[in-house]
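# Observations on the three-dimensional arrangement
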Amino acid sequence: MIHVGVLGATGAVGQRFVQLLANHPWFTLSTLTASDRSAGKTYGSVVNWRLDSPFPESVRDIVVSPTTVDAVKDCDIVFSALPADIATTLESEIADAGVGVFSNASSHRMAADVPLMIAEVNPEHAALIDLQKKNHNRDGFIVTNPNCSTIMLATALAPLMKFPFTTINVATMQAISGAGFEGVPAFGIYDNVIPYIGSEEEKMSREANKILGTFDGTQITGAPFTVSASCNRVPVIDGHTLNIWIDVPATPDEVIEAFRTWQPPFSGLPTQPEKTILYLPDENRPQPRLDRNRGNGMTVSVGRVRDGIRFVAMGHNTIRGAAGASVLNAELLHTKKYF
Ligand SMILES: NC(=O)C1=CN([C@@H]2O[C@H](COP(=O)(O)OP(=O)(O)OC[C@H]3O[C@@H](n4cnc5c(N)ncnc54)[C@H](OP(=O)(O)O)[C@@H]3O)[C@@H](O)[C@H]2O)C=CC1
Ligand SMILES: N[C@@H](CC(=O)OP(=O)(O)O)C(=O)O
């Protein structure tokens with residue numbers, strides 16, 4: 001039995017983790033942590049369940065632990081949905097204590113010995129764990145998820161890496177759940193678009209370079225392209241939509257064919273969708289409300305491929321862009337015997 005914990009289990013990403021792990025075939029959800037406001041009380045009594053799926057009864061009576069190393073030392077792995085300022089020190093201490101950490105926080109993403117992984121796109125980066133263990137003299141490890149918009153971008157670019165290109169322009173329309181439950185007040189977003197998301201544009205650029213970079217077994221050389229991003233918050237609950245412009249020497253039909261034929265290097269993991277990338281031919285798709293739950297929220301839908309090349313990519317930000325991607329990373333690393 002593999003015992004897993006969720007750090008920050010009451011938040012937008014934490015609740016997604018609980019939803020995905022409550023009946024997981026391999027992992028047993030045994031520890032839930034949150035802030036001191038919630039610790040010591042049952043999960044059912046403190047969580048304000050906001051997902052559109054029934055509350056999983058199996059977790060109702062779990063007593064929420066404080067977010068400390070001690071609380072998770074008996075877990076085999078933990079999934080972190082902590083604010084980055086808390087995650088920085090704590091995730092390192094947990095890894096030092098011998099526990100594997102699968103983190104959604106941005107704190108360690110760009111560290112040279114930390115995998116920044118999208119399971120289907122750059123699974124080979126997992127080998128950085130061996131280097132990390134040696135560098136830090138630790139038995140545990142940290143594996144990170146990219147930023148939620150970056151996951152959609154890098155996944156959609158994976159099939160196009162066979163074409164030479166140097167510049168990507170992208171404009172995002174990001175859901176309000178991306179800012180966490182308390183992140184965007186209704187008065188700020190209703191009937192509105194907010195053309196700024198702090199640090200998001202910088203993250204999209206540097207993280208995409210790392211994910212799609214070349215890995216020689218010990219270090220990653222960033223991919224040779226620049227990303228110019230423009231990020232916007234829109235009144236959508238879940239699902240980040242990206243308009244992407246990429247100057248590739250290919251026709252729209254060749255790009256569509258690349259999307260249609262691209263295959264991840266493995267299949268059959270519990271959280272893996274049948275299709276990581278789904279090309280939608282209708283001229284008005286993908287749309288967040290209609291397409292975000294494809295592949296149980298794990299599929300990145302692409303469409304509107306036009307001359308330029310211009311296209312649209314969209315995925316569920318708290319599943320494909322956060323908790324689901326992290327659980328899939330853990331499933332893959334379990335098959336590779338990292339824990
Ligand atoms: N939302 C998204 O789409 C994505 C989010 N992320 C990242 O995931 C992480 C979580 O984000 P999100 O779920 O949106 O955030 P939320 O604000 O919704 O949730 C934060 C969680 O952390 C807990 N927490 C807050 N302060 C502390 C503290 N001082 N000590 C311990 N626990 C604390 C909260 O517990 P309590 O309820 O008790 O306050 C809650 O469980 C962030 O690092 C974010 O950047 C990454 C990709 C996508
Ligand atoms: N900033 C993203 C979500 C997020 O938390 O990203 P990061 O983990 O990179 O801070 C959004 O608002 O949609």
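Per chain, the residues get numbers from 1 upward, laid out in the order the sequence is written. Whichever chain is written first is A, and whichever ligand is written first is 1; the rest continue in order. Local features in a predicted model are, by the rule used here, given only for residues with pLDDT of at least 70; side-chain atom pairs are given and counted only at 80 or more, and totals for whole chains, interfaces and linings are based on all residues. Each side-chain value is derived from all of the structure's non-hydrogen atoms; neither hydrogens nor water enter the calculation.

### Comments concerning the nonpolar core
A general feature of soluble globular proteins is that nonpolar side chains tend to end up buried together. Our working definition: Here the nonpolar core consists of buried residues drawn from Ala, Val, Leu, Ile, Met, Phe, Trp, Tyr and Cys, with membership extended through side-chain atoms lying within 4.5 Å. Only protein chains enter the calculation, and the probe is 1.4 Å; a residue is then buried if its accessible area is under 20% of its type maximum, exposed if over 50%, and partly exposed in between. Think of it this way: any DSSP run of H or I at least four residues long counts as a helix, any run of E at least two long counts as a strand, and we number them from the N terminus. For each domain, the first and last residues come from an automatic or database assignment. What makes two residues a contact is simply this: any of their non-hydrogen atoms within 4.5 Å.
Core analysis: the biggest nonpolar cluster contains 44 residues, and I246 and F311 have the highest contact counts within it. Ranked by the residues each element gives to this core, the list is headed by helix 6 (residues 148-157), at 6 residues. Both of domain 1 (2-146 + 323-335) and domain 2 (148-316) provide at least three residues apiece to this core. In contact with I246, not counting residues within four places along its chain, are L157, L160, F165, T167, I168, G308, I309 and F311. Listed in part, the 40 residues of the second largest apolar core include F17, F79, A81 and M117.

### Quick word on the packing of aromatic side chains
Condition: Here a pair means two rings of Phe, Tyr or Trp (six-membered ring of Trp) with centres within 6.5 Å. Their orientation is stacked below 30 degrees between planes, edge-to-face above 60, and tilted elsewhere.
Here the structure, examined in full by the defined rule, presents 11 aromatic pairs. Here the aromatic rings of F27 and F339 are separated by 6.2 Å at their centres, their planes lie at 45°, and the arrangement is tilted. Residue F27 is found in strand 2 (residues 27-34), and its partner F339 is found in the segment after helix 11 (319-335); the two are separated by 312 residues along the sequence. Looking at F27, the relative accessible area reads 2%, which means it is buried. A relative accessible area of 24% places F339 in the partly exposed class. Ring geometry for F102 versus F339: centroids 6.0 Å apart, planes at 70°, classification edge-to-face. Here F102, found in strand 5 (residues 100-103), pairs with F339, found in the segment after helix 11; they are 237 residues apart in sequence, far enough to count as distant. For F102, a relative accessible area of 1% puts it in the buried group.

### Observations concerning the site of ligand 1
Just so we agree on the cut-off: For this purpose, a residue is taken to be near a molecule or strand whenever a single non-hydrogen atom of the residue falls within 4 Å of it. Pairs of N or O atoms are called polar contacts if they sit within 3.5 Å, as long as, within protein, a hydrogen donor faces a hydrogen acceptor (for residues adjacent in sequence, only side-chain-to-side-chain pairs). Every accessible area reported is derived by Shrake-Rupley at a probe size of 1.4 Å, with residue values counting cover from the shown protein chains alone. Residue polarity follows a fixed list, in which Ala, Val, Leu, Ile, Met, Phe, Trp, Tyr, Cys and Pro are nonpolar, Asp, Glu, Lys and Arg are charged, and the others, Gly among them, are polar.
Near ligand 1 you find 28 residues, and of these T10, S35, R37, S38 and L82 are the closest. Between S38 and ligand 1, the recorded distance is 2.5 Å, taken from a side-chain N or O atom to an oxygen atom. G180 places a polar main-chain atom, nitrogen or oxygen, 3.5 Å from an oxygen atom of ligand 1. For ligand 1, whose free accessible area comes to 910 Å², the fraction covered by protein is 78%. Class assignment for the residues of the shell around ligand 1 results in 13 nonpolar, 13 polar and 2 charged. For the shell around ligand 1, the two domains that each supply at least three residues are domain 1 (2-146 + 323-335) and domain 2 (148-316).

### A few points about unusual backbone geometry
A cis amide bond, omega 5°, links R285 with the succeeding residue P286. Its place among the elements puts P286 in the loop between strand 12 (277-280) and helix 10 (288-291). Following G308, the chain continues into I309 via a peptide bond in cis, with omega recorded as -10°. Tracing the backbone through its elements, the reader meets I309 in the loop between strand 13 (300-306) and strand 14 (310-315). Of note, D191 is a non-glycine position whose phi angle comes to about 60°, a positive value. Position of D191 among the secondary structure elements: in the loop between helix 7 (186-189) and helix 8 (200-211). On the basis of relative accessibility, which here comes to 71%, the residue D191 falls in the exposed class.

No statement about biological role is implied by the geometric values presented.
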